[in-house]
Number of protein chains: 2
Amino acid sequence: MDSHEDLYPTRTTTRTPMFPRLDPVIHGDAQTRSSGPLSAEELAAFERDGFLFFPGFFDVDAIQACIDELKRLSADPAVQATGGVIREPHSDEVRSIFAIHRISPHFRALARDPRIVDRVRQLLGSDVYIHQSRINYKPGFKGKGFNWHSDFETWHAEDGMPRMRAVSCSIILTDNHEFNGPLMLIPGSHRVFVPCVGETPEDNYKHSLRDQQVGVPDEDSITELVRTHGITAPKGPAGSMLLFECNTLHGSNANMSPDPRSNVFYVYNSVENKLQQPFAAKRPRPEFLAERAVEVL
Amino acid sequence: MDSHEDLYPTRTTTRTPMFPRLDPVIHGDAQTRSSGPLSAEELAAFERDGFLFFPGFFDVDAIQACIDELKRLSADPAVQATGGVIREPHSDEVRSIFAIHRISPHFRALARDPRIVDRVRQLLGSDVYIHQSRINYKPGFKGKGFNWHSDFETWHAEDGMPRMRAVSCSIILTDNHEFNGPLMLIPGSHRVFVPCVGETPEDNYKHSLRDQQVGVPDEDSITELVRTHGITAPKGPAGSMLLFECNTLHGSNANMSPDPRSNVFYVYNSVENKLQQPFAAKRPRPEFLAERAVEVL
């Protein structure tokens, strides 16, 4: 393949129809597939749905340690200075802190937890590294929702991720329930790529992390996918873990409850899927959003 | 009681604590209580929770007739001219049509349906009339949510409804599910009044019907009520009916699904609870929002 061949053209001027993905969902060979903790049933579910949910995967102590570390980071002036702190659109509350595997020894260690990494390696069929990490805090009442989107679409367009060979891991630090804006997924949507209309504005990330407008699939495509596959919102106690394929469409609603919704988020990319130049943006996003240094876990 | 004594002061300059309601939840006497279709269990549930949900109350044909009538009204230029057509904040789509019992013979007849009116009379212990009516249409994806609020707070402040002696009836025309922004209620919240901070702006309704900012309870009070009572979102097929007390706190989230959410909404007020001058606004809202002509059903 050409070093910068674009298999997934997006941010187009006119609408182009969705098409089947050109990459496998589970990578590697029979050997790598069977060498990991995921069962054949779990692998089949991931291939079909584009995600796996593990209720109560981490215990209470592990989650409390993450919450304590989040509090420490939120209060640390050095963290504020990294540029990776994103606030709510209509208030000053912290919504996300990025690059937590760089700025926090605690979250650096958690990113390497073999219970996660062994599963991810099994799915991606290779060694992996952290493409992005963050901790999200959606306060009670104030947390806004997020439109339907594919993370891969943004990583391809704005970060230069060439292929679909990455997996996101979300560890929820608070109970997820119907009313605090849980993550919603369209199962099976990872099997198609929906090109998005609209050129990427300069420094788009400064706006898109608060309220995504570009890189949002058209409503007709989402409608078709929801009519075929439905919507699901995995719910569970704090400590539950979600692994989802980089191209699975997801979104969330506003938090209508007094309960915060907080999670730790790691994106694992295959070392064989290194970033190139952005496919649909003038320059790459900052390092805190897209690591260019491949550091094998 | 003084003809304009204010039992429920609101739109205050400083926060005042919530207090127990000064009116019964179920009005009338033993005689009116027992003379209607609601069972003792249903009456007890309404008294405790502030609402009653009847899944599949109306049949498919009745609902289809309402949808057909909605389509007719939406396309009728005479309806556009009534002033009672409210559009979405960020698009031009119809969100609500008001005073449907005035402008539509179909919805006028439905408002008088004895299956509704007999139940409402039993709850309010008197004859009743329509205080407000409307049809809401929340399109797929585009429907915005609504903050937590008590309808009575607005009707008291802006319409001059003196006491808590009204019941809302919502008939859903589309299936209600987790992802299309169903109505959420805080059961039991009807038993307290939460005064809201902030003076009513001139012609507040022009803004508040799209995005309510004034007459919204403070977050501490909502938190306390949710911690005590929880949140519930009744779900069911098109044709389901919800009766809820005028002071029950409710809200809704955005519609994240391709499915519209549409409902018919009637507010029944007791003929013994006639409107006075607004308790916290310079002048009454227009007739399409608050009927001043008491026409016994």
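Residues numbered from 1 in each chain as written. Chains lettered and ligands numbered in written order. Predicted model: local features only at pLDDT ≥ 70, side-chain atom pairs only at ≥ 80, totals over all residues. Heavy atoms only, no water.

Peer 1: How should the interface of chain A and chain B be read in this particular structure?
Peer 2: Every contact between the two is made by 24 residues of chain A and, on the other side, 24 residues of chain B. On the chain A side of the interface with chain B, the three residues burying the most area are A:Phe141, A:Phe179 and A:Met256, jointly 32% of the side's total. Seen at the junction of chain A and chain B, the total is four salt bridges. Residue A:Arg227 is joined to B:Asp259 by a salt bridge in which the shortest nitrogen-to-oxygen separation is 2.7 Å. (Contact = heavy atoms within 4.5 Å. Buried area = accessible area lost by both parts, 1.4 Å probe. Salt bridge = Lys/Arg side-chain N within 4 Å of Asp/Glu carboxyl O.)

Peer 1: What is the right way to look at the relation of the copies chain A and chain B in this model?
Peer 2: One chain copy maps onto the other through a rotation about an axis and a shift parallel to that axis. Here chain A sits on chain B after a turn of 180° about the axis and a move of 0.0 Å along it, with an RMSD of 0.0 Å. Within this description, the copies of the chain are treated as partners about a two-fold rotation axis. A share of 100% of interface residues in chain A that are also interface residues in chain B marks the association as one of identical surfaces. (Least-squares fit on C-alpha atoms with pLDDT ≥ 70 in both.)

Peer 1: Can you help me understand the packing of aromatic side chains in this one?
Peer 2: The geometry of an aromatic ring pair comes down to the distance between the two centres and the angle between the two planes. Counted by the stated rule, this structure contains 20 aromatic pairs over all chains. On the basis of an interplanar angle of 55° and a centroid distance of 6.0 Å, the ring pair of A:Phe244 and A:Phe265 is categorised as tilted. Here A:Phe244, found in strand 10 (residues 241-245), pairs with A:Phe265, found in strand 12 (residues 261-270); they are 21 residues apart in sequence, far enough to count as distant. Take A:Phe244 and A:Phe265: they sit in the same class, and that class is buried. Connected via pairs of aromatic rings, a cluster forms that spans A:Tyr8, A:Phe19, A:Phe152 and A:Phe193. Its end group placed over the ring of B:Phe265, B:Arg134 keeps NZ or CZ at 4.1 Å from the ring centre. (Phe/Tyr/Trp six-rings, centres within 6.5 Å; stacked < 30°, edge-to-face > 60°. Helix = DSSP H or I, 4+ residues; strand = E, 2+ residues; numbered from the N terminus. Buried < 20%, exposed > 50% of the residue type's maximum accessible area, 1.4 Å probe, protein only. Lys NZ or Arg CZ within 6 Å of the ring centre and 35° of its normal.)

Peer 1: What exactly am I supposed to notice about the sheet that holds strand 8 (residues 183-185) of chain B here?
Peer 2: Picture the strands of a sheet paired through backbone hydrogen bonds; they go either parallel or antiparallel. All names here are of chain B. The three strands are arranged 6-11-8 in an open sheet whose pairing can be described as antiparallel. Of all strands in the sheet, those with a lone pairing partner are strand 6 (146-149) and strand 8, marking the two edges. Neighbour-to-neighbour, the strand axes of this sheet turn through a mean angle of 25°, independent of strand direction. For strand 8 and strand 11 (residues 250-252), the ladder comprises three bridges, and the chain directions are antiparallel. Counterpart to leucine 185 in the pairing with strand 11 is histidine 250. (Pairing = 2+ DSSP bridges. Axes fitted to C-alpha atoms, helices over the stretch in contact; angles between N-to-C directions.)

Peer 1: In this structure, what is going on with the sheet that holds strand 7 (residues 166-172) of chain A? I would like to understand it.
Peer 2: Residues and elements named next belong to chain A. Pairing is antiparallel in the open sheet, where seven strands are placed in the order 2-10-7-12-5-4-3. Each edge of the sheet is formed by a strand with only one pairing partner; in this case those strands are strand 2 (51-54) and strand 3 (85-87). The sheet shows a mean angle of 15° between the axes of neighbouring strands, taken without regard to direction. Sheet analysis places strand 4 (residues 94-98) next to strand 5 (residues 128-138), joined by three bridges and oriented antiparallel. Paired with isoleucine 97 across the strands is isoleucine 135, a residue of strand 5. Packed onto the sheet, helix 3 (residues 60-75) meets strand 4, strand 5, strand 7 and strand 12 and runs at close to 100° relative to strand 4.

Peer 1: Just to check I follow, could you spell out helix 7 (residues 114-124) of chain B for this structure?
Peer 2: The α-helix advances 3.6 residues per turn, and as a result positions three or four apart in sequence lie on the same side. Residues and elements named next belong to chain B. Where helix 7 is concerned, the buried positions are Ile116, Val117, Arg119, Val120, Gln122, Leu123 and Leu124. Capping the start of helix 7, aspartate 113 holds a side-chain oxygen 2.8 Å from the backbone nitrogen of arginine 115, two or three residues further along. Positive backbone phi, at 65°, marks glycine 125, one or two positions downstream of helix 7. (Polar contact = N/O pair within 3.5 Å; in protein donor to acceptor, adjacent residues only side chain to side chain.)

Peer 1: Whenever I open this one, the pattern of salt bridges confuses me. Can you help?
Peer 2: Close approach of charged atoms allows side chains of opposite charge to pair. All names here are of chain A. Within the structure shown, the criterion is met by 44 salt bridges over all chains. Across the pair arginine 48 and aspartate 49 runs a salt bridge, and its minimum N-O distance is 3.0 Å. A salt bridge links aspartate 127 to arginine 121; the shortest N-O distance between them is 3.7 Å. Within the structure, one salt-bridge network assembled from shared partners comprises Arg102, Arg108, Arg112, Glu291 and Glu295.

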